[in-house]
Structures are given as structure tokens and as C-alpha cells.
Amino acid sequence: MTHVVITGTGLFTPEHAIDNDALVAAFNAWVEAENARRAQAGVEERLDYSSSDFIVKASGILNRYVLDAEGILDPERMRPRLPRCSNDEPSIQCGMGLAAAGQALEGAGVAAADIDLVIVACSNLERPYPALAVELQAALGAGGYAFDMNVACSSATFAIETAANAIRVGNASRALVVSPEICSAHLNFRDRDSHFIFGDACTAVVLESDELATGDGGFEILGTRLVTRFSNAIRNNAGFLDRVTDSDPRAPDKLFVQEGRRVFKEVCPMVAALITDHLASLGLAGDDLARLWLHQANRHMNDLIARRVLGHDPSPEQAPIILDRYANTSSAGSIIAFHLHRGDLAPGALGVVCSFGAGYSAGSVVVRRR
């Protein structure tokens, strides 16, 4: 049976950073103006202010990187201002993908022309078609075939399983999974409960047949497991039918909405069981793991899941956190953690890359350092 190895990863980080204090200042300026408008209109209900302490306590987030900070921090706009690309220009997500993919290919010691499968997997694509993956394939000069996929925050791990299976059955020899997440574009920066959650980033992962992998190190994929369970607790209703259903494209439900407490209560046990059962199917247990690279949405969720899998409170090394700097970057989060926190592992060390989110969906990838 063909064994599949992760041989390279890449990360594109936008140049603009927004810390909690700056984000709160913009939000509170809008709240103050909005409350004044409500008072003038005779509306009694007032909006609550946000605070940096509230954000840290709720999520553990301190900072986020975004493609555009100016538009977000403008109380009159409060959404990023991004350029409109012509049909003859590379798309924004293609540009992000090129940056991350270049780093991943260099790390793997692989030429773009040797890639024969490209999957762009993320929560939001900037257009329905032609596929971003096919555009990226052409921009890289890769061969084979390419396609887009979306399983929200689990997109990267679902794509890793898809790519690994393609390599195992001989449909591809080397694959590239790219997750260009522009989460700031679907975030309601005027919602106190969520205005701080997301940031932007792009990750890339190179997978190869072990017979072809020539780079040092790498991580053999021992197994993958996916699970989905329908829920409306995390939702975004933006879609191509909006213009024919006469929906307001700027209505709150066209952006990210969630029932936070319900998500915490329902997702944490589902993910812990997924990882535990997956390990057991491979003859492994939590004690065997050197590292957990978890989806980076909320510090409290990660701590609880890691505790249930490991059987004890995780150390910073065992379950690294990057959401304090990057915030929630959707499907890119667990890959960012893997990219930044794997170099110290010795050969034979075991770890799990796990993502989870809307759907509900969750993906587990068990790996061993070569």
C-alpha cells in the first residue's frame, strides 16, 4: 500500500495587524454614534460597549492579521476595503495561495510542475467559477487536475484526506492543499459577540507518496477520519440565490452568525470522541501523542478537547495555541499551528492535526515524524 507523507507547509500572513485595543476603539466609536442615533429616533434599547478584557476572557484572542485594517477600523465602514480584480488579473485568493504554496514547495524540495493535484479548500471562495484551484494550478505551472472544496473550518483536513486518498490509489503522486481564508470579509464587525473572532491567512500543505519524497523529515499520515453532523448553530446565509429571493445582501445573516454556548457544548465532546476513537482504531491512545495541532477558534474549546484526549491539562508544547496572535483563521488555523510548532519533534513522535467547525464538521489526521 502506498504511504503518504506531508513534506512541506507554507504560511502567508497579511501585513496588517489589529490588536484588541484598536478593534475595540473602532467598535465603541460606532456604538456611541449608533446609540446617539437611537436616542434621537426615540429607540430605548442601547447597544453595549466592547472591551479588550471581554475579548480575552471570551476567546483568548489578542491580535489578528487582516488584508485591510483601515476599512475595518473606520467606524463609518467597519469592513475591509479590497481591490476589485479584473478577469485578466490574478484573484486575491490566488495571490495568497501563490505565497503560501511557494513556501511549502520550497520546504518539500518539490517543483510546482511536479504537483499533479491542487485543492483549494476554505470557508469562502471569492467566486463560484472558474475554480480558484484551477487558476492557482495555472499560475504555479502545476500539472494534473485541480478543484475547490468547502467544509467551512474543516476544509483543510477534509482536503488532506481527499489528497492522501488520491495518492494512495494512484490518481496523483504529489498534491498541494491550499487554504486562502479571508475571514474578515464575512465577519460582522458591528456585532459585539463576534466582532473580534476572525483574522486572515493562507496555508499550504504538500503531500507526496513516500516513494517520491526526498526531503528530510516529513510526517507520514497514519490515518484520517472525518465526521459531519448537521447544525444551524454556525451559519452564513450569503448565496447566489440572494438576487432572486430579493434578500438584503447586507443583512446580518449574510455574514457569520453563531450560538457560541451551544457550539461549545455540542462540538467539544464530538471532537474529543472523534480523536479518541480514531487513535483507538490505530492502536493508539492520548498518552502516545507528543502534540495536538487543534483548530484555533477559542482557547477554552482547545483546552477542554486536549484535556479529554490526553487525560490531563495540556502543556503549551503539547497543544500549541496560535489564535492569540492570528485569531480564528477558519480552516487555516490547525495548519498554522502545525506549520509553526512541529520542528522540535523527534523521529517517531506522534501527533494529530484536527479541525472542527460549521456543519458541524470535524477532521482528524494522525501523523508520525519520519
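A quick note: this is a predicted structure, and the numbers were derived from the prediction, not measured.

**Student:** Which residues make up the pairing of strand S5 (residues 145-149), and what values do they have?
**Tutor:** Here strand S4 (residues 117-121) pairs with S5 via 5 bridges, running parallel. Bridge pairing in S5 places Val120 opposite Asp148. The handedness of the S4 to S5 crossover, carried by helix H4 (residues 132-140), is right-handed.

**Student:** Give me the lowdown on helix H2 (residues 52-59), citing residues and values where you can.
**Tutor:** Burial in H2 covers these residues: Ser52, Ile55 and Ser59. Angular distribution of buried residues about the axis of H2 spans 65 degrees; they occupy a single face of the element. Pointing more than 90 degrees away from the buried face of H2 are the exposed residues Asp53 and Lys57. Elements in contact with the buried residues of H2: helix H1 (20-41), strand S3 (63-66), helix H7 (299-310) and helix H8 (323-326). The first or second residue beyond H2 is Gly60, which carries a positive phi of 85 degrees.

**Student:** Hey, could you go over the packing of aromatic side chains for me, with residue numbers and the actual values?
**Tutor:** Throughout the structure, instances matching the rule amount to 8 aromatic pairs. Consider the rings of Tyr65 and Tyr326, whose centres lie 5.1 Å apart with planes at 50 degrees: the pair is tilted. With a gap of 261 residues between them, Tyr65 in strand S3 and Tyr326 in helix H8 connect regions that are remote in the sequence. Classification of Tyr65 as partly exposed rests on a relative accessible area of 22%. Considering the side-chain rings of Phe219 and Trp293, the 6.1 Å spacing of their centres and the 90 degrees angle between planes classify their relative orientation as edge-to-face. With Phe219 in strand S8 (residues 219-228) and Trp293 in strand S11 (residues 289-294), the pair connects residues that are 74 residues apart, well separated along the chain. For the pair Phe219 and Trp293, a shared accessibility class is recorded, and that class is buried. The ring of Phe54 has Arg192 sitting right over it, with the charged end atom 4.0 Å from the ring centre. One Lys or Arg, Arg342, reaches over the ring of Phe338 and ends 5.0 Å from the middle of that ring.

**Student:** Residue-level account of a positive patch on the surface, with values.
**Tutor:** Judged by side-chain charge, Arg79, Arg81, Arg190 and Arg250 come together as a positively charged surface patch. With respect to the element layout, Arg81 can be found in the loop between S3 and helix H3 (92-108). A relative accessible area of 43% places Arg81 in the partly exposed class.

**Student:** Hey, could you go over the pairing of strand S7 (residues 200-209) for me, with residue numbers and the actual values?
**Tutor:** The buried count for S7 comes to 10 of 10 residues, which makes it a mostly enclosed element. Of the two faces of S7, the one holding Asp200, Cys202, Ala204, Val206 and Glu208 and the one holding Ala201, Thr203, Val205, Leu207 and Ser209 are both buried throughout. Strand direction decides the pairing type here: strand S1 (residues 4-12) and S7, joined by 8 bridges, are antiparallel. If you follow Gly8 over to S7, its bridge partner there is Val206. Relative to S7, strand S6 (residues 174-182) is paired through 9 bridges, and the arrangement is antiparallel. Bridge pairing in S7 links Val178 to Ala204.

**Student:** I'd like a description of the pattern of salt bridges, backed by residues and values.
**Tutor:** Tallied over the full model, the rule gives 11 salt bridges. The shortest N-O distance in the salt bridge between Arg127 and Glu135 comes to 2.9 Å. Residue Arg127 is classed as partly exposed on the basis of its relative accessible area of 22%. Of the charged contacts, one joins Arg262 and Glu259 as a salt bridge, the two residues approaching to 3.2 Å between their closest N and O atoms. Given a relative accessible area of 40%, Glu259 falls into the partly exposed group.

**Student:** So, the packing of H1 against H2: which residues are in play, and what are the values?
**Tutor:** Two elements in contact, H1 and H2, have axes separated by 9 Å at closest approach and are oriented at 120 degrees. Classified by the angle between their axes, H1 and H2 sit oblique to one another. Of the two elements, H1 crosses H2, and the hand of that crossing is right-handed. Of the residues in H2, those in contact with Asn20, Asp21 and Val24 of H1 are Ser52, Ile55 and Val56.

**Student:** I'd love a proper account of H1, names of residues and values included.
**Tutor:** The end-to-end C-alpha distance of H1, which contains 22 residues, comes to 31 Å, matching closely the 32 Å that a straight helix rising 1.5 Å per residue would cover. Those residues of H1 that fall on the buried side of the exposure criterion are Asn20, Leu23, Val24, Ala26, Phe27, Asn28, Trp30, Val31, Glu34, Asn35 and Arg38. Looking at the buried side of H1, the elements it contacts are strand S2 (16-19), H2 and S3. Just downstream of H1 lies Gly42, where phi reads positive at about 80 degrees.

What counts and how
- Residues numbered from 1 in each chain as written.
- Predicted model: local features only at pLDDT ≥ 70, side-chain atom pairs only at ≥ 80, totals over all residues.
- Heavy atoms only, no water.
- Pairing = 2+ DSSP bridges.
- Helix = DSSP H or I, 4+ residues; strand = E, 2+ residues; numbered from the N terminus.
- Right-handed = clockwise from strand over helix to strand, strands pointing away.
- Buried < 20%, exposed > 50% of the residue type's maximum accessible area, 1.4 Å probe, protein only.
- Arc of directions from axis to C-beta.
- Contact = heavy atoms within 4.5 Å.
- Phe/Tyr/Trp six-rings, centres within 6.5 Å; stacked < 30°, edge-to-face > 60°.
- Lys NZ or Arg CZ within 6 Å of the ring centre and 35° of its normal.
- Patch = residues over 30% accessible without salt bridge, like charges linked within 9 Å, V, L, I, M, F, W, Y side chains within 5 Å.
- Areas by Shrake-Rupley, 256 points an atom, 1.4 Å probe, with all protein chains shown as cover.
- Salt bridge = Lys/Arg side-chain N within 4 Å of Asp/Glu carboxyl O.
- Lys, Arg positive; Asp, Glu negative; His and termini not counted.
- Charge placed at Lys NZ, Arg CZ, Asp CG, Glu CD.
- Axes fitted to C-alpha atoms, helices over the stretch in contact; angles between N-to-C directions.
- Parallel < 35°, antiparallel > 145°, perpendicular 65-115°, else oblique.
- Left-handed = near helix turned anticlockwise from the far one by under 90°.
- Expected span 1.5 Å × (residues − 1).

Note that every value here comes from positions in space, so none of it alone points to a role or purpose.
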